[in-house]
Amino acid sequence: GSAQPAETKVAAEEPEPTLYEQLGGEAAVKAAVDGFYVKVLADDRVNGFFKGVDMDRQRAMQTAFLTFAFGGPNHYEGKDLRAAHAHLVVKGLNDTHFDVILEHLGATLKELGVKDELIQHAADVANSVRGDILGKEKK
Ligand code: HEM
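The model shown is predicted, which means the values in this text are computed figures rather than measured ones.

## Focus: the overall build of the chain
Secondary structure assignment for the chain yields seven helices and zero strands. Put simply, the chain runs from its N terminus to its C terminus through helices and strands in the order α-α-α-α-α-α-α. The 139 residues of the chain split such that 35% are buried.

## Considerations on the packing of aromatic side chains
Working definition: an aromatic ring pair is given by the centre-to-centre distance plus the angle between the planes. In the structure shown here, the tally under the stated rule is one aromatic pair. Ring geometry for Phe36 versus Phe65: centroids 5.1 Å apart, planes at 5°, classification stacked. Of the two residues, Phe36 is situated in helix α2 (residues 25–42) and Phe65 in helix α3 (residues 55–69); the sequence distance between them amounts to 29 residues. Like Phe65, Phe36 is buried. Stacked on the ring of Tyr37, the Lys or Arg Arg59 has its end atom at 4.9 Å from the ring centre.

## Some words on the confidence of the model for the chain
On average, the chain scores 84 in pLDDT, and the residues at 70 or more come to 85%. Mean pLDDT in the chain bottoms out at helix α1 (residues 19–23), which sits at 80, and peaks at helix α5 (residues 95–111), which reaches 96.

## What about the environment of Ala28?
Tracing the sequence through the fold places Ala28 in helix α2. Looking at Ala28, the relative accessible area reads 16%, which means it is buried. Put simply, Ala28 and Phe70 are 42 residues apart on the chain and 9.6 Å apart in space, counted from C-alpha to C-alpha. In contact with Ala28, not counting residues within four places along its chain, are Leu23 and Phe70.

## Focus on the coordination of the iron atom of the ligand
Donor atoms from the polypeptide that bind the iron atom of the ligand are Met61 (SD) and His85 (NE2), placed at 2.0 to 2.2 Å. One way to put it: the six donor atoms around the iron atom of the ligand meet at angles of 84 to 179°, and that makes the site octahedral. Taken together, the residues span a long stretch of sequence, with Met61 in helix α3 and His85 in helix α4 (residues 81–90) at a distance of 24 residues. Judged by its relative accessible area of 23%, Met61 is partly exposed.

## A word on the site of the ligand
Neighbouring the ligand are 21 residues; Phe49, Arg57, Met61, His85 and His87 lie closest to it. Within the side chain of Arg57, a nitrogen or oxygen atom sits 2.8 Å from an oxygen atom of the ligand. Within the side chain of His85, one N or O atom sits 2.8 Å away from a nitrogen atom of the ligand. Of all the secondary structure elements, the ones that give two or more residues to the shell around the ligand are α3, α4 and α5.

## Let's talk about the nonpolar core
When a protein is soluble and globular, its nonpolar side chains tend to lie buried together. Counting 32 residues, the largest nonpolar core has Leu23, Phe36, Phe65, Leu66, Phe70, Leu105 and Leu109 as its most contacted members. Every element with two or more residues in this core is listed here: α1, α2, α3, α5 and α6 (116–127). Not counting chain neighbours up to four residues away, the residues in contact with Leu66 comprise Val29, Ala32, Val33, Phe36 and Leu105.

## As for the layout of surface pockets
The calculated volume of the second largest pocket comes to roughly 150 Å³. Along the walls of the second largest pocket sit ten residues, with Glu26, Val29, Lys30, Val33 and Thr63 positioned nearest its centre. At the level of elements, α2 and α3 are the ones that each hand at least two residues to the lining of the second largest pocket. Top contributing element to the lining of the second largest pocket by residue count: α2, with five residues. Residues that form the lining of the second largest pocket fall into these classes: three nonpolar, three polar and four charged.

Rules and cut-offs
- Residues numbered from 1 in each chain as written.
- Predicted model: local features only at pLDDT ≥ 70, side-chain atom pairs only at ≥ 80, totals over all residues.
- Heavy atoms only, no water.
- Helix = DSSP H or I, 4+ residues; strand = E, 2+ residues; numbered from the N terminus.
- Buried < 20%, exposed > 50% of the residue type's maximum accessible area, 1.4 Å probe, protein only.
- Phe/Tyr/Trp six-rings, centres within 6.5 Å; stacked < 30°, edge-to-face > 60°.
- Lys NZ or Arg CZ within 6 Å of the ring centre and 35° of its normal.
- pLDDT = per-residue confidence, 0-100.
- Contact = heavy atoms within 4.5 Å.
- Donors = N, O, S within 2.8 Å, 3.2 Å for Na, K, Ca; no water.
- Tetrahedral: all angles 85-135°; square planar, octahedral: opposite > 155°, others 65-115°.
- Near = heavy atom within 4 Å.
- Polar contact = N/O pair within 3.5 Å; in protein donor to acceptor, adjacent residues only side chain to side chain.
- Core = buried A, V, L, I, M, F, W, Y, C linked by side-chain atoms within 4.5 Å.
- 1 Å grid on protein atoms, 1.4 Å probe; cavity = no way out; pocket = protein on both sides within 12 Å on 5 of 7 lines; lining within 4 Å.
- Points joined across faces, edges and corners; volume = space filled by probe spheres on them.
- Nonpolar A, V, L, I, M, F, W, Y, C, P; charged D, E, K, R; others polar.

Right, dumping it as structure tokens:
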């Protein structure tokens, strides 16, 4: 008979690590930004919104999006998401575009070997601010 491993149980008091921590924290965000950035800017369904936007701000947006989707610390507290995207809503930003961004989020995380369950979690977090990004009326 083989002995059971002694440490199969997770202590009940351990707080659930955030998705950000589970994915690998800041390093994971950096790795994801590179892949995500390329996908978004190569996609004609959404890259029009980034035309004329300087590279630093594009990268800031990608990093903010992913950090947010990972449930990590929000480094952009000064600027609310509704205000940051209002001029894009005027240009036609809608659910279709938001879905494209989620599609690239999923593909990027999949390439990095992230489990489907965590990818779904990241999408849920992003969806929680969909209404703000798209300038929908607050419920
Ligand atoms: C969870 C969803 C999202 C988050 C957390 C997010 C986050 C942000 C933040 C923090 C900024 C401001 C960056 C800065 O001021 O330097 C920004 C800007 C921007 N976002 Fe998003 N974003 C989201 C969704 C989207 C979507 C769906 C699109 C378009 C398909 C988009 C396109 C842009 C663009 C083009 C800018 C730059 C605007 C400009 O400087 O003129 N974002 N985003």
